[in-house]
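Descriptive structure summary
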Amino acid sequence: MRRNLTHLLFFLFPTIFFIEKGMAQNTTIPVKVGVVLDLDTWVGRMGLSCISMALSDFYASHGHYKTRVVTKIRDSKRDVVGAAAAAVDLLQNEEVEAIIGPGSSMQANFMIGLGSKARVPIISFSATSPSLSSLQSQYFIRATLNDSAQVPAIRAIVQAFGWGEVVLIYVDNEYGNGVVPSLTSALQEVDIHVTYRGAIHPSATDDQIVKELYKLMTMSTRVFIVHMLTPLGSQIFTKANEAGMMEEGYVWILTDGITDFLSTLDASAIDSELESFKIRWKKKIQEEYPTNEISELNIFGLWAYDAASALAMAVEKLGAGNFSFQKTTISRDSTGLESIRVSPVGPNILHSLLGTQFRGLTGDFQIIDGQLHTSAFQIVNVIDEGERGVGFWTTENGIVRRSNTTSKANLRAIMWPGESTSVPKGWVFPTNGKKLKIGVPEKKGFSEFVKVTRDPITNKTKATGYSIAIFDAVMATLPYAVLYEYVPFKIPDRKAAGNKDESTQGYVQKYDALVGDFTILASRSLYVDFTLPYTDSGVSMIVPIIDNRSKNAWVFLKPLTWDLWVISACFFVFTGFVIWTLEHRINEDFRGPRSHQVGTTLWFSFSTLVFAQKERIVSNLARIVVIIWLFVVLILTQSYTASLTSMLTVQQLNPTITDINELIKKGERVGYQYGSFVYEFLIKSMKFDESKLVKYESPEELDELFSKGGITAAFDEIPYMKIFLAKYCSKYTAVGPTYKFDGFGFVFPKGSPLVADVSKKVLSVTEGAKLLEFEKAWFGQTTSCPELTSSVSSNSIGLNSFWGLFLIAGVASFVALVSCITTFLYENRDALINLNPPSSIWRKIKAMATRFDDKDLRSHTLRKSDQLPDKGHQIHGCSYSLASYTNFPPSPSSLLIPTHSNFAFFGEQGTPSSGHGDPVSPNRPMSPHILFEYELANINHEQTRPPVIE
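Per an unreviewed UniProt entry, the recorded name for the protein is Glutamate receptor, and the organism is Vitis rotundifolia. Per UniProt, the protein has the following entry under Subunit (unreviewed entry): "May form heteromers."

This part covers the overall build of the protein. When its secondary structure is counted, the protein shows 27 helices and 32 strands. Among the 950 residues that make up the protein, the fraction classed as buried is 49%. Residue pairs in contact within the protein that sit at least 24 positions apart in sequence constitute 75% of those at least 6 positions apart. Entry remark: accessible area of the protein is about 46000 Å², with carbon and sulfur atoms responsible for 54%.

We now examine helix 11 (residues 346-354). Buried residues of helix 11: Gly 346, Ile 349, Leu 350, Ser 352 and Leu 353, and no others. Here the buried residues of helix 11 occupy an arc of 170° about the axis, which is enough to place them on one side. Where helix 11 is buried, its residues meet strand 5 (122-124), strand 6 (140-142) and helix 10 (299-318).

To continue, consider the packing of aromatic side chains. Applying the stated criterion across every chain yields a total of 44 aromatic pairs. Pairing Tyr 720 with Phe 744 gives two aromatic rings, centres 5.8 Å apart and planes at 50°, and the pair type is tilted. Remark: Phe 744 occurs in strand 28 (residues 732-744) and Tyr 720 occurs in helix 21 (residues 718-728); sequence separation between them is 24 residues. Comparing Tyr 720 with Phe 744, the two get one shared label, buried.

A word on the pairing of strand 23 (residues 535-546). Extensive coverage of strand 23 is indicated by the burial of ten of its twelve residues. As paired elements, strand 23 and strand 28 share eight bridges and run antiparallel to each other. Residue pairing for strand 28: Met 541 is matched across the bridge by Val 735.

Below, the discussion takes up the UniProt feature "transmembrane region" (unreviewed entry) in the protein. Following the UniProt record, the feature "transmembrane region" (unreviewed entry) maps to residues 560-582, 624-642 and 802-826 here. The span residues 560-582 carries 91% helix and 0% strand; its end-to-end C-alpha distance comes to 31 Å.

Right, let's get into the nonpolar core. Membership of the largest hydrophobic core comes to 84 residues, with the highest contact counts inside it found for Ile 225, Phe 277 and Trp 281. The element best represented in this core is helix 10, accounting for 15 residues. Dropping the residues within four chain positions of it, Phe 277 is found in contact with Cys 50, Met 53, Leu 297, Leu 302, Tyr 305 and Leu 361. Of all hydrophobic cores here, the second largest spans 52 residues; its members include Phe 429, Ala 714, Tyr 720 and Ala 734.

Moving on to the packing of helix 6 (residues 206-217) against helix 7 (residues 230-242). Between helix 6 and helix 7, whose axes approach to 10 Å, the crossing angle comes to 60°. Comparing the axis directions of helix 6 and helix 7 gives the class oblique. Considering the relative orientation of helix 6 and helix 7, their crossing is right-handed. Side by side, helix 6 and helix 7 meet where Asp 206, Ile 209, Val 210 and Leu 213 of the first sit next to Leu 232, Gln 235, Ile 236, Lys 239 and Ala 240 of the second. Partitioning the contact of helix 6 with helix 7 into residue classes produces six nonpolar, one polar and two charged.

So, about unusual backbone geometry. Glycine aside, residues mostly have negative phi, and peptide bonds are mostly found in the trans state. Cis peptide bonds are those with omega within 30 degrees of zero, and the linkage from Gly 101 to Pro 102 qualifies with 0°. Following the sequence through the fold, Pro 102 ends up in the loop between strand 4 (99-100) and helix 3 (105-118). In the Ramachandran plot, Phe 446 falls in the positive-phi region, its phi being about 50° despite a non-glycine side chain. With respect to the helices and strands, the residue Phe 446 is situated in the loop between strand 17 (436-442) and strand 18 (451-454). Unusually for a residue other than glycine, Lys 687 sits at a positive phi of about 65°. Along the chain, the position of Lys 687 falls in the loop between helix 19 (678-685) and strand 26 (693-696). We classify Lys 687 as exposed; its relative accessible area is 59%.

Attention now goes to the pattern of salt bridges. In this structure the tally under the stated criterion is 20 salt bridges. We note a salt bridge from Lys 284 to Glu 288, for which the minimum N-O separation is 2.8 Å. Note that Lys 284 and Glu 288 are positioned in helix 9 (residues 272-288) at a spacing of four residues, about one turn of the helix. Classification of Glu 288 as partly exposed rests on a relative accessible area of 37%. One network of salt bridges, in which partners are shared, links Arg 74, Asp 89 and Glu 94.

Here we take up the pairing of strand 18. Judged from the four bridges that link them, strand 18 and strand 19 (residues 461-464) form a sheet pairing that is antiparallel. Paired with Val 452 across the strands is Ala 463, a residue of strand 19. Linking two consecutive strands that pair antiparallel, namely strand 18 and strand 19, is a turn of six residues; a positive phi of about 65° is found at Asn 459 within it.

A separate point is the environment of Ala 118. Counting through the fold element by element, Ala 118 comes out in helix 3. For the pair formed by Ala 118 and Val 88, sequence separation is 30 residues and the distance between their alpha carbons is 9.7 Å.

The next point concerns the side chain of Thr 67. Along the chain, Thr 67 turns up in strand 3 (residues 67-75). Looking at Thr 67, the relative accessible area reads 1%, which means it is buried. In this structure the side chain of Thr 67 is engaged in a polar contact, spanning 2.5 Å, whose partner is the side chain of Glu 316. Residues within four places of Thr 67 in sequence aside, it is in contact with Ile 29, Tyr 59, Val 315, Glu 316, Gly 319, Ala 320 and Phe 323.

Summarising the element assignment, Arg 68 is placed in strand 3. Lacking a salt bridge, the buried Arg 68 has Glu 316 as its closest oppositely charged neighbour, with an N-O distance of 5.4 Å. Only 2.9 Å separates the side chain of Arg 68 from the backbone oxygen of Tyr 65, close enough to count as a polar contact.

Right, let's talk about the packing of helix 15 (residues 562-583) against helix 16 (residues 594-607) for a bit. For the pair helix 15 and helix 16, the least separation of the axes is 8 Å and the interaxial angle reads 120°. Between helix 15 and helix 16, the angle falls in the class oblique. Crossing angle aside, the handedness with which helix 15 passes helix 16 is right-handed. The residues of helix 16 that touch helix 15, namely those facing Phe 572, Val 573, Gly 576, Phe 577, Ile 579 and Trp 580, are Gln 597, Thr 601, Leu 602, Phe 604, Ser 605 and Phe 606. A per-class count over the contact of helix 15 with helix 16 returns eight nonpolar, four polar and no charged.

With 13 residues, helix 7 extends 18 Å between its outermost C-alpha atoms, agreeing within 8% with the 18 Å of an ideal straight helix rising 1.5 Å per residue. Along helix 7, the residues classified as buried are Leu 232, Gly 233, Ile 236, Phe 237, Lys 239 and Ala 240. Looking down the long axis of helix 7, one finds its buried residues gathered within 165° of arc, a one-sided arrangement. Summarising the geometry of helix 7, the exposed residues directed more than 90 degrees from the buried face are Pro 231 and Glu 242. Residue Gly 244 follows helix 7 closely and has a positive phi angle near 80°.

What counts as what
Residues numbered from 1 in each chain as written. Predicted model: local features only at pLDDT ≥ 70, side-chain atom pairs only at ≥ 80, totals over all residues. Heavy atoms only, no water. UniProt positions renumbered as here; feature names shortened; annotations may be inferred. Helix = DSSP H or I, 4+ residues; strand = E, 2+ residues; numbered from the N terminus. Buried < 20%, exposed > 50% of the residue type's maximum accessible area, 1.4 Å probe, protein only. Contact = heavy atoms within 4.5 Å. Areas by Shrake-Rupley, 256 points an atom, 1.4 Å probe, with all protein chains shown as cover. Arc of directions from axis to C-beta. Phe/Tyr/Trp six-rings, centres within 6.5 Å; stacked < 30°, edge-to-face > 60°. Pairing = 2+ DSSP bridges. Core = buried A, V, L, I, M, F, W, Y, C linked by side-chain atoms within 4.5 Å. Axes fitted to C-alpha atoms, helices over the stretch in contact; angles between N-to-C directions. Parallel < 35°, antiparallel > 145°, perpendicular 65-115°, else oblique. Left-handed = near helix turned anticlockwise from the far one by under 90°. Nonpolar A, V, L, I, M, F, W, Y, C, P; charged D, E, K, R; others polar. Salt bridge = Lys/Arg side-chain N within 4 Å of Asp/Glu carboxyl O. Polar contact = N/O pair within 3.5 Å; in protein donor to acceptor, adjacent residues only side chain to side chain. Lys, Arg positive; Asp, Glu negative; His and termini not counted. Expected span 1.5 Å × (residues − 1).

Now the structure itself:
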């Protein structure tokens, strides 16, 4: 039956119970306990033998105890009525103080009521249905696990392998129906959908089972959770194997209803005590049933052993005195429910049993809320005829590889059906040939994405468009064939239909998927699944553009900011002044009347803008300054030209409005696309007045609204804006900011298994050249239009862009100027030193300025070969000495004064000497430099002349 069968199984991990040896006592008080089991089943026989061994082992180890549990055995014969009759007989005629059993949840349902009436504890080691807990009887003790205890472990397994859909197969009775609600609810909490529930009758025939299995084969889900007992489970798996449902791709998860009957005890965790018990039990069962086939000991037998041990402990804790009560006079043959005896010690036994804790064969035995408590399940992989533990699930750590660790390492290697080691994806495309219904929206405009046409003769619909082309390409690349057809539907306006997200939820419930220009939104993802986006998206504003190039006569001033204009003008003047200073004394081009010098200086400086300066530059310092300044002017003029050109060309794309807040403040009317989520976005996020929103359905309608002044701006998603601007890029433009959204995606119902595969193929299609082909086919060429992210205005160039250049030019000019002045003052230092102290500072400055205004006759540009000997001095344009041309040192009584044509030597009395050249005529006007030096000579002469003695 289990050939080629691979499952994930759950098994309560057994632990150790050490039994202390004790001394036997002779005086004991018997306490009668009933046992109701199906003795013709393996569970009943195994349970009875384990109960007998538990009591024998217990009293053998505690011979000094005063009480002895005496069992009264009844066979329920697999019948609910038979179990109830056996319980009534035990309560009335045997006057038992407790009952161990029954074997099934259906039998326990009625027996619980009898126990409550007689106040006798009903202890079951195999009734696992969660529905029994709803009876809320304090006298029902479940010495086994509630089936709902394994629900978190099952959910963790399904979630760990990433399966989004499962099918429940369960027995249609009290046992099977009890766990279905809690299991379904737990799976839905983690978005795992139960696509189908297959209820199978306990007595179903092979034909009925095969019919149900073939129904499952036509479905897409391949993960089956089976909850039933062994006889029916064996029958189902035999037929499933025959139907080919044990091949690769299938997943079978069995609850403990079947796995508890497997011998899956981990040998590494079994101690010597438990191993000894297994050996003794096998020997005992072979002696009791020598002719029957013997199965292995399973968890139910261990629970029966621990339940009997717990009851014996609870009875002993009460003491022998509690069981010495007077016997009733009820007839042994009485079977009426009204004559059931009420146990005087049943409540005491119940209280004592609830407080009993010990280490049993199955682990720590403790009754909490009327049932056994556990904290771990073992996960078992069934391979052919054998089983192998692959991991554990614990309440504290979830899935772990070993029970004694908190490490969340992966499970051990699992052999899946078909002898595959790859994890099945959990679904396949259904083999029943059913076509998927793909909903496509019918829209009036923007048909480039989705366009629905109808054949007037056949009335068949055909869907085309960019979105359709991508979806067809994606589905064609899937590794399996998918049959689908497009079904059109109309999307109402959001303003009329309310929330579009709710409408989308309604549509996705009617169809297997939605294909079109559906934007991925967080609010929609709560109830539908989106694939990865196949196009970018975002919401931005569209406004008309105007051309105002001819309306601004001062546009030539805009390339530079005002501070840059002012700084540039200042540097032109400053640079001209520096050049004049460096060239004035040695260059005839920078001499002449003062007005001429000022004009020449400004002309030279500003003519560098067009590199039209004609004046010669003879000073090396001036040449350095001019070279640096020409470099600054070159960059400044080129930048000005580029900025002005940009303004004159881009100016035609100037938008009418760029501030969204201004739209809201002025209460301007804006447009939105019919049926788009932008309507809610403008109201809720942007805080637009709803009455100011105007809808449109097509690019032509939007253009008409703008042309007639119906709206000032429009908001739409970028894919639609590209289509609109491709048609009207000369009239409109897009302005920021752009509000980011996730783009267009395909819509599937929540938990659809197609989402993952389709998303992967969307990536492969959108990353290749095929996407460009689709865009060219449906959107055409739009290269003639500017990009949406391009700027619609050019900013003026500011000082921040050029302060480094001005700094270099300024430093160079300043250094040259300081060098020139310093050199001039240094070479004329003797004259300044010899000035009388009473002379004012202003007089000294005036005298030096007057001297600076004269020519530097040493310069080769001014000196004639027949006038002055060439001393070989380096000319900088700023060096001139008062005694440069004589070898005679200045003295207090004489001073050499150069003139334009000769030298004059003044004596002590100030009269000219005729020893050198012609005397200076007293009537001849002195030149400025002669007068300047004459004054200096008189001053010095007066200071050195001796006093006259009369």
